[in-house]
Amino acid sequence: MIDKLQSIEDRYNQLSEWLCDPAVASDPAKLRQYGKEQSDLEEIVAVFREYKDVFNGLADAKAMLEEKLDDEMRDLVKMEISELSEREEVLKEKLTILLLPKDPLDDKNVIVELRGAAGGDEAALFATDLFKMYTAYAERQGWKTEVIDVSYTELGGYREMVFSINGKGAYSKLKWESGAHRVQRVPATESGGRIHTSTATVAVLPEAEDVEVEIHEKDLRIDTFCSSGPGGQSVNTTQSAVRITHIPTGTVVSCQDEKSQIKNKDKAMKVLRARLFELELQRQQAESAAARKSQVGTGDRSERIRTYNYPQSRVTDHRIGLTLHKLDYVLAGDLDEIINTLHMHERTEALKAQNEEA
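Residues numbered from 1 in each chain as written. Predicted model: local features only at pLDDT ≥ 70, side-chain atom pairs only at ≥ 80, totals over all residues. Heavy atoms only, no water.

- As recorded in an unreviewed UniProt entry, the protein goes by Peptide chain release factor 1 and comes from Tumebacillus flagellatus.
- The UniProt entry for the protein carries the following text under Sequence similarities (unreviewed entry): "Belongs to the prokaryotic/mitochondrial release factor family."
- Taken directly from UniProt, the Subcellular location (unreviewed entry) text for the protein runs: "Cytoplasm". (UniProt positions renumbered as here; feature names shortened; annotations may be inferred.)

In structure tokens, the structure reads:
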């Protein structure tokens, strides 16, 4: 493992030299290629360098025990050895996890679909809260969000919201959000102060390129209609909204956010490619027991993954047993602790699966 890590660090150093080369700096394609590769290696190199510092510090401390020391100094050295040994084991485990094969979809942009589920208007209002949460998180990450399609209930909640998130590592951080999100709170429509339970579903789809999903024009039925806003009122008298049906799979997507029919069609095709790509991924995963074994949940929209409890200001992720008592922060887009814990859980499970196979 050390030899492999050293070769990774050597590659990182070589990339650093190349990125300082004026010839590379003047070539946008190479600059982008080398910069991305170096960025992908950055975390593992940082951990490996810390590991080497700890390893060398541990060797020096053990060597000190061979010298003549008074009792107080010897106790201090033994304490340092104990602390460094613990840190060494932690870093070893982290490096082992970081060396696991990376999900090839991790760097992709995503299409996010939110829908109010059980709970009527209250579920739709909760879907609106989730949209605000994800857009706030995206802003923290420096990502760009864009609404593709939205339909409202009479109270202005989202019956359905489809939007894209573009940015480095978007899928790697958001892929575990797919599933049923449950909310427990007193709805604005409840006069008696009783707590209701409602759900909204989330689907996070990796954005697919044209080369990854082949779509034939003969397989599409394209309809146009007038776009509408909250309560169903028309917000555009022209036939700018677009609905596309993929006949072989029965997949239907629509877009009415733009005033241009061409732009709406382009956005709808982006969603269609993502959905068809997701269907193919699900088919492949169904054929691979190992892949499903290492997943954090199934990604199925019917699977309840998280509960947001307003009276107790509590958020619980049921897949990993994580409970946080900071609901306001989470809804404001502070998802780092949840997402980082899910990420580490997935990598740990993948490591277990790899060891069992070995």
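1. Some remarks on the environment of histidine 246
Line of reasoning, step 1. Among the secondary structure elements, histidine 246 is positioned in strand 7 (residues 241-246).
Line of reasoning, step 2. For histidine 246, a relative accessible area of 8% translates into the label buried.
Line of reasoning, step 3. For the pair histidine 246 and glutamate 217, spaced 29 residues apart in the sequence, the C-alpha separation amounts to 9.3 Å.
Line of reasoning, step 4. Setting aside its immediate chain neighbours within four residues, histidine 246 contacts Ile215, Asp219, Leu220, Thr251, Leu272 and Leu276. (Helix = DSSP H or I, 4+ residues; strand = E, 2+ residues; numbered from the N terminus. Buried < 20%, exposed > 50% of the residue type's maximum accessible area, 1.4 Å probe, protein only. Contact = heavy atoms within 4.5 Å.)

2. Let's talk about the packing of helix 1 (residues 2-19) against helix 3 (residues 28-64)
Line of reasoning, step 1. The contact between helix 1 and helix 3 brings their axes to 8 Å, and the two run at 135°. Judged by the inter-axis angle, helix 1 sits oblique to helix 3. The interaxial crossing formed by helix 1 with helix 3 has left-handed handedness.
Line of reasoning, step 2. By residue class, the composition of the contact of helix 1 with helix 3 is 14 nonpolar, five polar and six charged. (Axes fitted to C-alpha atoms, helices over the stretch in contact; angles between N-to-C directions. Parallel < 35°, antiparallel > 145°, perpendicular 65-115°, else oblique. Left-handed = near helix turned anticlockwise from the far one by under 90°. Nonpolar A, V, L, I, M, F, W, Y, C, P; charged D, E, K, R; others polar.)

3. Some remarks on the pairing of strand 7
In summary, the side chains of a regular strand alternate between the two faces of the sheet.
Line of reasoning, step 1. In terms of burial, strand 7 is largely enclosed, as five of its six residues are buried.
Line of reasoning, step 2. With six bridges joining them, strand 6 (residues 220-225) and strand 7 adopt antiparallel strand pairing. Within the sheet, the bridge partner assigned to aspartate 223 lies in strand 7 and is arginine 243.
Line of reasoning, step 3. The hairpin turn running from strand 7 into strand 8 (residues 251-255), its antiparallel successor, is four residues long, and glycine 250 in that turn takes a positive phi close to 75°. (Pairing = 2+ DSSP bridges.)

4. Some words on the sheet that holds strand 7
Line of reasoning, step 1. A sheet is described by the order of its strands in space; here three strands give the open sequence 6-7-8, paired in antiparallel fashion. Of all the strands in the sheet, just strand 6 and strand 8 have a single pairing partner and so form its edges. Sheet twist, expressed as the mean angle between neighbouring strand axes with direction ignored, is 15°.
Line of reasoning, step 2. As paired strands, strand 7 and strand 8 are joined by five bridges and run antiparallel to one another. By the bridge assignment for strand 8, valine 242 is matched with cysteine 255.

5. Quick look at the environment of methionine 161
Line of reasoning, step 1. In this structure, methionine 161 sits in strand 3 (residues 158-166).
Line of reasoning, step 2. Residue methionine 161 is classed as buried on the basis of its relative accessible area of 1%.
Line of reasoning, step 3. In this structure the C-alpha to C-alpha distance between methionine 161 and phenylalanine 131, which are 30 residues apart in sequence, comes to 7.9 Å.
Line of reasoning, step 4. Once you skip the residues sitting within four places of it in the chain, methionine 161 turns out to touch Val112, Glu113, Leu114, Phe131, Val147, Asp149 and Val150.

6. Here's the deal with unusual backbone geometry
Line of reasoning, step 1. Phi is positive for serine 313, which is not a glycine, with a value near 50°.
Line of reasoning, step 2. Relative to the helices and strands, serine 313 is located in the loop between strand 9 (304-309) and strand 10 (314-317).

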